[in-house]
Amino acid sequence: MVRIIVYFFIVVILLEIIMRDVREKIILNKSNLMLLLLGLILGFLEGDLEERILGAALYTLPFILIYGYGSDVLNKECVGMGDVKLVTSLGFLLKFNTIFDILIFLNISFITPLIYLGGKYIYSKKLDKDIAFGPFLILSYFLIIIMENYEKW
């Protein structure tokens, strides 16, 4: 029962992040901290805190590299720090299972914005310079959750 309540709050926070990121292009630190706290509760309930810490580190590593070096190469901020913090929280919630899951998460995270931008360009013949990246990260999170639990359902 406690797990259901925790997952309910996770979904509510993720929906809040999506709405705020689309509207204002910002992800609040308190939202990320709440996700980490809920992941910590799940870690104690399920006894897999070590896998969650490892997941937070491994999911975040590519985004830290893009944040740090991508802006040097392109002379423009590629990923915001709020997105990097969001990936840390999502990695903590997902926990480390296999490298394959991380690669799928990364592929979904980077391919879906390209599909979105391509569709928007075809439809309206203009490109956005900045898009909200948080909803695509959260979509990746949900797809990984569905993929991991598909056999159980």
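First, a word on scope: everything that follows refers to the structure included in this document. Predicted model only: the values in this text are computed from it and were never measured.

1. Considering the overall build of the chain
Of regular secondary structure, the chain possesses 6 helices and 0 strands. Reading the chain from its N terminus to its C terminus gives the helix and strand order α-α-α-α-α-α. When the backbone C-alpha atoms are referred to their principal axes, the chain occupies close to 50 × 30 × 30 Å. A total of 153 residues make up the chain; the buried ones form 37% of that total. For the chain, long-range pairs separated by at least 24 residues make up 72% of all intrachain contacts whose partners lie at least 6 apart in sequence. Only carbon and sulfur atoms are counted for the fraction: they give 70% of the accessible area of the chain, which is about 9,400 Å². One way to put it: in the chain the 14 positive side-chain charges average out to a point 9 Å from where the 15 negative ones average out.

2. A closer look at unusual backbone geometry
A positive phi angle is found at lysine 25, which is not glycine, with a value near 60 degrees. As for its placement among the helices and strands, lysine 25 is situated in the loop between α1 (2–24) and α2 (29–46). Taking the relative accessible area as the measure of exposure, lysine 25 reaches 45% and is therefore partly exposed. With a phi angle near 60 degrees, lysine 95 is a residue other than glycine that sits in the positive phi range.

3. Some words on the packing of aromatic side chains
Summed over the entire model, instances satisfying the criterion amount to 7 aromatic pairs. Arranged with centres 5.9 Å apart and planes meeting at 25 degrees, the rings of phenylalanine 110 and phenylalanine 133 form a pair that is stacked. On the criterion of sequence distance, the pair formed by phenylalanine 110 in helix α5 (residues 99–124) and phenylalanine 133 in the loop between α5 and α6 (134–149) is long-range, its members being 23 residues apart. Each residue in the set Phe63, Phe110 and Phe133 is aromatic and connected to the rest through ring pairs, giving one cluster.

4. What to know about the environment of leucine 58
Structurally, leucine 58 can be placed in helix α3 (residues 49–74). Residue leucine 58 is classed as partly exposed on the basis of its relative accessible area, which comes to 29%. As for leucine 58 and phenylalanine 96, which are separated by 38 residues in sequence, their C-alpha atoms are 7.7 Å apart. Excluding residues within four positions of it along the chain, leucine 58 makes contact with Phe96 and Ile102.

5. Brief notes about the packing of α5 against α6
At a closest axis distance of 9 Å, the pairing of α5 and α6 adopts a crossing angle of 135 degrees. By the criterion of interaxial angle, the relationship of α5 to α6 is oblique. In the crossing of α5 with α6, the sense of the turn from one axis to the other is right-handed. Every residue of α6 that contacts α5 at Asp101, Ile104, Phe105, Ile108, Ser109, Thr112, Pro113 and Tyr116 is listed here: Phe136, Leu137, Leu139, Ser140, Tyr141, Leu143, Ile144, Met147 and Glu148. Of the residues belonging to the contact of α5 with α6, the class tally is 12 nonpolar, 3 polar and 2 charged.

6. What to know about a nonpolar patch on the surface
The grouping of Val2, Met34, Leu37, Leu40, Ile41, Phe44 and Leu45 at the surface amounts to a nonpolar patch, some 620 Å² of accessible area in total. Among the elements that make up the nonpolar patch, the one with the highest residue count is α2 (6 residues). Topologically, leucine 45 is positioned in helix α2. What makes leucine 45 partly exposed here is its relative accessible area of 45%.

Calculation notes
- Residues numbered from 1 in each chain as written.
- Predicted model: local features only at pLDDT ≥ 70, side-chain atom pairs only at ≥ 80, totals over all residues.
- Heavy atoms only, no water.
- Helix = DSSP H or I, 4+ residues; strand = E, 2+ residues; numbered from the N terminus.
- Buried < 20%, exposed > 50% of the residue type's maximum accessible area, 1.4 Å probe, protein only.
- Contact = heavy atoms within 4.5 Å.
- Areas by Shrake-Rupley, 256 points an atom, 1.4 Å probe, with all protein chains shown as cover.
- Lys, Arg positive; Asp, Glu negative; His and termini not counted.
- Charge placed at Lys NZ, Arg CZ, Asp CG, Glu CD.
- Phe/Tyr/Trp six-rings, centres within 6.5 Å; stacked < 30°, edge-to-face > 60°.
- Axes fitted to C-alpha atoms, helices over the stretch in contact; angles between N-to-C directions.
- Parallel < 35°, antiparallel > 145°, perpendicular 65-115°, else oblique.
- Left-handed = near helix turned anticlockwise from the far one by under 90°.
- Nonpolar A, V, L, I, M, F, W, Y, C, P; charged D, E, K, R; others polar.
- Patch = residues over 30% accessible without salt bridge, like charges linked within 9 Å, V, L, I, M, F, W, Y side chains within 5 Å.
- Salt bridge = Lys/Arg side-chain N within 4 Å of Asp/Glu carboxyl O.

These results come straight from atomic positions and should not be treated as a statement about function.
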